[in-house]
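Understanding the architecture of this molecule
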Amino acid sequence: MPTPVRGRLADDREILLYDSDTGLGVDRRDLPRRSPLPVTTVRRDPRTGDRVIVAPARQERTYHPPRQMCPLCPDPDGRSSEIPAADYRVAVLENRFPALSTVGVPYRAVPEANPLRVEELGTGRCEVVCFSSDHDGSFAALSDEHARLMIDVWAHRTAELFARDDIAEVYCFENRGAEIGVTLAHPHGQIYGYPFRTRRTRDLLRTAAAYRAEHGTDLFESILADEIADRTRLLVRTEHTTAFVPFAARWPVEVHVYPNRHVRNLIDLTAAEADDLALVYLTVLRAFDALYARPLPYIASWHQYRADAEEGYLHAELFSVRRSADKLKYLAGSESGRDAFLNDKTPETIAADLRAVIA
Ligand SMILES: [Zn+2]
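Quick notes on the rules
Residues numbered from 1 in each chain as written. Predicted model: local features only at pLDDT ≥ 70, side-chain atom pairs only at ≥ 80, totals over all residues. Heavy atoms only, no water. UniProt positions renumbered as here; feature names shortened; annotations may be inferred. Domains from an automatic or database assignment. Buried area = accessible area lost by both parts, 1.4 Å probe. Salt bridge = Lys/Arg side-chain N within 4 Å of Asp/Glu carboxyl O. Polar contact = N/O pair within 3.5 Å; in protein donor to acceptor, adjacent residues only side chain to side chain. Helix = DSSP H or I, 4+ residues; strand = E, 2+ residues; numbered from the N terminus. Donors = N, O, S within 2.8 Å, 3.2 Å for Na, K, Ca; no water. Tetrahedral: all angles 85-135°; square planar, octahedral: opposite > 155°, others 65-115°. Buried < 20%, exposed > 50% of the residue type's maximum accessible area, 1.4 Å probe, protein only. Expected span 1.5 Å × (residues − 1). Pairing = 2+ DSSP bridges. Axes fitted to C-alpha atoms, helices over the stretch in contact; angles between N-to-C directions. Contact = heavy atoms within 4.5 Å. Phe/Tyr/Trp six-rings, centres within 6.5 Å; stacked < 30°, edge-to-face > 60°. Lys NZ or Arg CZ within 6 Å of the ring centre and 35° of its normal.

As named in an unreviewed UniProt entry, the chain is Galactose-1-phosphate uridylyltransferase, taken from Nocardia stercoris. As recorded by UniProt, the Catalytic activity (unreviewed entry) comment attached to the chain reads in full: "alpha-D-galactose 1-phosphate + UDP-alpha-D-glucose = alpha-D-glucose 1-phosphate + UDP-alpha-D-galactose". Checking UniProt for the chain, the heading Sequence similarities (unreviewed entry) contains the comment "Belongs to the galactose-1-phosphate uridylyltransferase type 1 family."

Segmenting the chain into domains produces domain 1 (5-196) and domain 2 (200-357). Using C-alpha coordinates to define each centre, domain 1 is positioned 24 Å away from domain 2. Of the roughly 2,600 Å² buried between domain 1 and domain 2 on both sides combined, carbon and sulfur atoms contribute 57%. In this assembly, domain 1 and domain 2 are joined by four salt bridges. The closest approach of N and O atoms between R148 and D275, which form a salt bridge, is 2.3 Å. For the interface between domain 1 and domain 2, the tally reads 17 residue pairs in polar contact (both at pLDDT 80 or more). Contributing elements (two or more residues each) for the side of domain 1 that touches domain 2: helix 1 (144-162) and strand 8 (169-176). Top element by residues in the side of domain 1 that touches domain 2 is helix 1. It accounts for ten residues.

Turning next to the coordination of the zinc ion. Every protein donor of the zinc ion is listed here as C70 (SG), C73 (SG), H135 (ND1) and H186 (ND1), and their distances to the metal cover 2.1 to 2.3 Å. Considering all four donor atoms around the zinc ion, the spread of angles at the metal, 103 to 116 degrees, places the coordination shape in the tetrahedral class. One chain supplies every donor for the zinc ion, spaced along it as C-x2-C-x61-H-x50-H. Taken together, the residues C73 in the loop between strand 4 (51-54) and strand 5 (90-94) and H135 in the loop between strand 7 (125-130) and helix 1 connect sequence positions 62 residues apart. Taken as a pair, C73 and H135 share a single burial class, namely buried.

Further remarks concern helix 4 (residues 271-290). Between its first and last C-alpha, helix 4 extends 29 Å over 20 residues, near the 28 Å set by a 1.5 Å rise per residue. Buried residues of helix 4: E273, A274, D276, L277, A278, V280, Y281, L282, V284, L285, A287 and F288, and no others.

Using the residue numbers shown here, the UniProt feature "domain: Galactose-1-phosphate uridyl transferase C-terminal" (unreviewed entry) corresponds to residues 207-316. Split by type, residues 207-316 is 37% helix and 21% strand. Its first and last C-alpha atoms lie 18 Å apart.

Moving on: the pairing of strand 3 (residues 41-44). Strand direction decides the pairing type here: strand 3 and strand 4, joined by four bridges, are antiparallel. Within strand 4, the residue paired with R44 across the bridge is R51. Pairing of strand 3 with strand 6 (residues 119-121), which is carried by three bridges, proceeds in the antiparallel orientation. Considered in strand 6, the bridge of V42 is made with E120.

Attention shifts here to the sheet that holds strand 8. In spatial order, the strands read 1-2-5-7-9-8-13-14-12-11-10; together these eleven strands make up an open sheet with antiparallel pairing. One side of each edge strand has no neighbouring strand; the edge strands of this open sheet are strand 1 (5-8) and strand 10 (234-237). Here the strands of the sheet are splayed against their neighbours by 20 degrees on average, with no regard to which way each runs. Sheet analysis places strand 7 next to strand 9 (residues 188-194), joined by six bridges and oriented antiparallel. When the sheet's bridge partners are listed, V129 is paired in strand 9 with G189. Sheet strands in contact with helix 3 (residues 219-230) are strand 10, strand 11 (241-244), strand 12 (253-259) and strand 14 (315-320), and its direction is about 75 degrees off that of strand 11.

The final tally for this structure, using the stated rule, is 16 aromatic pairs. Relative to Y313, the ring of Y258 lies with its centre 5.1 Å away and its plane at 50 degrees, an arrangement referred to as tilted. You can see Y258 sitting in strand 12 and its partner Y313 sitting in the loop between strand 13 (298-303) and strand 14, a full 55 residues away along the chain. Here Y258 matches Y313 in class, with each residue buried. By the ring-pair criterion, three or more aromatic residues cluster together here, those being F131, F139, W154, Y281 and W302. Above the plane of the ring of F341 lies R250, whose end atom (NZ or CZ) is 4.5 Å from the centre.

Next up, the structure:
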């Protein structure tokens, strides 16, 4: 597990540099101090039980700044960016406009006086993860060794956030491309430490428990074995890692990446497994960018669970809204109104197209 250099920004947010040669300077910006109480809340939809994070302060967040004002480029003077350092390899910092935060107060639920209006404090942690100091870089452009460092960084953050009893779920993800809604061009991802289990995680775990009750085997191990046996949607199979297009892919480009050995989370990978996972992850992202003339907008979404979770299997889910060289898929009535996805491409065609660009 890597040991980061830790520091504080001008408004007391935490910043961590990994594998840093230069260390941290002083953030000399005149930033307003953060409010001592969480400013967001989590409301429960009484019809579905879904949680909605209400975070009005995020309306003020930095929106497509000009390149010379990029808040994620290294800044040796400590006057113009979030990262007061001459350079860095990977930087992690608390989000200035967080959807969830604690700022030192313990998690506590607002009393449930009315079952139709359940509202909790938006405690948790939102981190920005800068993959590289190169403003024009991307995850796919990282070296093998740098991508492996990212796996270690995610594992380190996961371990630290899982150790907090006010965090129920740790979600590492990347939004890439303005088409996805990214407002900062600098290559970066995010980590959310939620105080609740998200609906998607609850759905996966419930389905896995039902599968075990009916078939006596692990759902995710079974999916992996079935995709390997079928081969129709298989993309990459190495000693420690497998990538495939799922049988019921929801998106016009969608790939799932599993370690071959059943682990719950990134922390539990061996060094050889982490090496291999980084390489396969890069292979998939580079195939994404080779599909069309322009880099593919995508979302990379990691599923992981505490070691003692009742079900769950570490895997990455990578997908794109691009359905052809010049068309995007929008989440319209069926998807947004009913959560019932329509895919214009067969998963088998998606796999064939990706295999064609994997050298
Ligand atoms: Zn930048």
